[in-house]
Amino acid sequence: MKILHTADWHLGKRLDRFSRLEEQILVMEEIIKIADEEHAELILVAGDLFDNFNPGVEAAELFYKTLKRLSLNGKRPVIAISGNHDSPSLINAPDPLARECGIILIGHPKAEIAPFGTEYFNIINSKEGFIELKIDGINFPVRILHTPFANEIRLKEYFGENKEEEINKVLSQTWKNIADEFCDDSGVNLLTAHLYMNKRGAEILEEPEGEKPIKIGNADLIFSDSIPEQIQYTALGHLHAFQNIGTKEKPVIYSSSPLCYSFSEAGQTKYVSIIDAEPGKVVSYEKKKLTSGRTLVRKTFTSIEDTVQWLSENPNTFIELTLESETFLTADERRLIYQSHNGIVHLIPKVRNLELGENQTHEINLSQDINILFKDYFKSRSGGQEANEELMNLFNEILNA
């Protein structure tokens, strides 16, 4: 069978003052197209469905329409779990209607999904954190262990006060108990979770800029060796870069976000994962590139002319722009830069003048002209920038008011 794994949609997310909704509409269309072209028979969405607990109407509408189309109006099961940006209750709310379309929404850890069936598939087994599906046209069952994100309060509720020591042990034992009971070689065995997971002893993986962090110290770090040996593929959400933190034989995959959502992701290619799976065999997976959305770029220039030329030649980008110069940017220069491009998120002026050394002192002569004193003060407070003519005119206007 074929499975599509995606995560971290963050529907409704903004980049500073810029909405990303139009890009999200396009990339959701792209994911639907890939699912159809690849003839995926199951869809897994591993959390952070929305960007906040109270998504706007347009984001919610895009979410439900996308899931319905991914489900082929009930023919293809879609399983979506909540992430650390999602409200579990909001994710659970439309469940009765979602079932009619073959969509299974799971908001809380340890959720037990009431068995139900459609014309095309049935839940034949269910317990806390687990469902087993029988899908028409597939002659073996599909078992899915599911672990949505749990916040601090829910972690204590489920795993006790000493969660730093207990969470790996409890999750490992819980998953193992389920796998031992249900996951033999007669079916396909999967795990989907929204967690900060890594290999034991591996280099720390950085969470994206602007993300609500999951990992606080090591308290919420889950090790990949907690995954039961019966699990053939683990579909993760939270980290925004595509990566396998498992092995070739037992992939543990962060499928990536569908768009670059912060400048720490500048230059990243985004993907969905397409998995080929059958009982008792090593799965294969392929990352399918997503091409929708504006590119995020960090650039540094030393002249206004080069800046304007590059901006004019690269319109379909969001840019964090650093401009190195000898003096403070004038209002006309800023206006010219912003008129050259509609995707400048940050403009960072950087003056090349050297600041005074840490141990240097600067004696102030208060008998000097007030304009000289102001220029010295401005330079000391602005990291070495010189006060330009425009600023001095404004200072004198205030002085003489």
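Notes on the structure in this doc start here.

Analysis parameters
Residues numbered from 1 in each chain as written. Predicted model: local features only at pLDDT ≥ 70, side-chain atom pairs only at ≥ 80, totals over all residues. Heavy atoms only, no water. Helix = DSSP H or I, 4+ residues; strand = E, 2+ residues; numbered from the N terminus. Buried < 20%, exposed > 50% of the residue type's maximum accessible area, 1.4 Å probe, protein only. Contact = heavy atoms within 4.5 Å. Areas by Shrake-Rupley, 256 points an atom, 1.4 Å probe, with all protein chains shown as cover. Salt bridge = Lys/Arg side-chain N within 4 Å of Asp/Glu carboxyl O. Pairing = 2+ DSSP bridges. Axes fitted to C-alpha atoms, helices over the stretch in contact; angles between N-to-C directions. Arc of directions from axis to C-beta. Right-handed = clockwise from strand over helix to strand, strands pointing away. Core = buried A, V, L, I, M, F, W, Y, C linked by side-chain atoms within 4.5 Å. Phe/Tyr/Trp six-rings, centres within 6.5 Å; stacked < 30°, edge-to-face > 60°.

## Thoughts on the overall build of the protein
Alright, step 1. The secondary structure content of the protein amounts to ten helices and 20 strands.
Alright, step 2. In the protein, which comprises 401 residues, the share counted as buried stands at 53%.
Alright, step 3. The contacts in the protein between residues at least 6 apart in sequence include a share of 67% that link residues at least 24 apart.
Alright, step 4. Looking at the protein as shown, the accessible area adds up to about 19,400 Å², and 49% of this sits on carbon and sulfur atoms.

## A short note on the pattern of salt bridges
Alright, step 1. In the structure shown here, the tally under the stated rule is 20 salt bridges.
Alright, step 2. In this structure, Lys 65 engages Glu 61 in a salt bridge whose closest nitrogen and oxygen atoms are separated by 2.9 Å. Residue Lys 65 and its partner Glu 61 are located together in helix H2 (residues 57-70), separated by four residues, close to a single helical turn.
Alright, step 3. A salt bridge links Asp 225 to Arg 200; the nearest nitrogen and oxygen atoms lie 2.7 Å apart. Taken as a pair, Asp 225 in the loop between strand E12 (221-223) and strand E13 (233-237) and Arg 200 in the loop between strand E11 (196-198) and E12 lie far apart in primary sequence, 25 residues in all.
Alright, step 4. A relative accessible area of 53% places Arg 200 in the exposed class.
Alright, step 5. Shared partners join several salt bridges into a network, and the residues in it are Lys 2, Glu 38, Glu 286 and Lys 288.

## Observations regarding the sheet that holds strand E1 (residues 2-6)
Alright, step 1. What the six strands build is an open sheet, ordered E6-E5-E4-E1-E16-E17; its pairing is mixed. Across the chains shown, the open sheet's two edge strands, defined by having one partner strand only, are strand E6 (103-106) and strand E17 (284-290). Looking at each pair of strands side by side, their axes are set apart by 20 degrees on average, direction ignored.
Alright, step 2. The pairing of E1 with strand E4 (residues 42-46) spans four bridges and is parallel. Bridge assignment links His 5 to a residue of E4, and that residue is Leu 44.
Alright, step 3. Along the sheet face, helix H1 (residues 21-37) touches E1, E4, strand E16 (270-276) and E17 and points at about 145 degrees away from the line of E17.
Alright, step 4. In the packing of H2 onto the sheet, the strands contacted are E4, strand E5 (78-81) and E6, and the crossing angle to E6 comes to about 135 degrees.

## Things to note about helix H7 (residues 304-313)
Alright, step 1. Restricting attention to buried positions, one finds in H7 the residues Ile 304, Thr 307, Val 308, Trp 310 and Leu 311. Around the axis of H7, the buried residues are gathered within 165 degrees of arc, so they sit on the same side. Residues of H7 that are exposed and point over 90 degrees away from its buried face: Glu 305 and Glu 313.
Alright, step 2. Residues of H7 that are buried in the fold lie against strand E18 (295-301), strand E19 (317-325), helix H8 (331-339) and strand E20 (344-351).

## Side note on the pairing of strand E7 (residues 121-127)
Alright, step 1. Taken together, the six bridges between E7 and strand E8 (residues 130-135) define a ladder with antiparallel strand orientation. Bridge pairing in E8 places Lys 127 opposite Phe 130.
Alright, step 2. Where E7 folds back on E8, the antiparallel hairpin that results is connected by two residues, among which Gly 129 adopts a positive phi of roughly 75 degrees.

## Comments concerning the pairing of E4
Within a regular strand, side chains alternate between the sheet's two faces.
Alright, step 1. Here E4 lies mainly inside the structure; five of its five residues are buried.
Alright, step 2. In E4, alternate side chains face the same way, and those of Leu 42, Leu 44 and Ala 46 on one face and Ile 43 and Val 45 on the other are all buried.
Alright, step 3. Of the strand pairs in this sheet, E4 and E5 are connected by four bridges, and their pairing is parallel. Residue pairing in the sheet places Val 45 in a bridge with Ala 80 of E5.
Alright, step 4. Considered for its hand, the β-α-β crossover made up of E4, H2 and E5 is right-handed.

## A closer look at the sheet that holds E20
Alright, step 1. If you trace the three strands from one edge of the open sheet to the other, you get E18-E19-E20, paired in parallel fashion. Each having just a single partner strand, E18 and E20 make up the two edges of the open sheet. The mean inter-strand angle of the sheet, taken between neighbouring strand axes irrespective of direction, is 10 degrees.
Alright, step 2. For E18 and E19, the ladder comprises seven bridges, and the chain directions are parallel. Bridging from a neighbouring strand, Phe 301 pairs with Leu 323 of E19.

## Focus: the nonpolar core
Alright, step 1. One finds Leu 4, Trp 9, Leu 67 and Leu 70 to be the most contacted residues of the largest nonpolar core, which totals 33 residues.
Alright, step 2. Broken down by element, this core gets its largest block of residues, seven residues, from H1.
Alright, step 3. When residues no more than four places from it in sequence are discounted, the contact partners of Leu 67 are Trp 9, Val 45, Val 78, Ile 103 and Leu 105.
Alright, step 4. In this structure, Met 1, Ile 79, Ile 144 and Ala 235 belong to the second largest nonpolar core, which totals 30 residues.

## What to know about the packing of aromatic side chains
Alright, step 1. A complete count under the given rule lists twelve aromatic pairs for this structure.
Alright, step 2. Seen from their ring centres, Phe 18 and Phe 318 are 5.0 Å apart, and the 55 degrees between their planes marks the pair as tilted. One end of the pair, Phe 18, is in strand E3 (residues 18-19); the other, Phe 318, is in strand E19, and 300 residues separate them in sequence. Residues Phe 18 and Phe 318 agree in their burial class; the two are buried.
Alright, step 3. Among the aromatic residues, ring-to-ring pairing joins Trp 9, Phe 50, Phe 63 and Tyr 64 into one connected group.

## Some details on unusual backbone geometry
Alright, step 1. Here Asp 16, not a glycine, exhibits a phi torsion of approximately 55 degrees, which is positive.
Alright, step 2. Mapped onto the elements of the fold, Asp 16 is located in the loop between strand E2 (14-15) and E3.
Alright, step 3. With phi around 135 degrees, His 238 is a residue other than glycine that occupies positive phi space.
Alright, step 4. With respect to the element layout, His 238 can be found in the loop between E13 and strand E14 (243-244).

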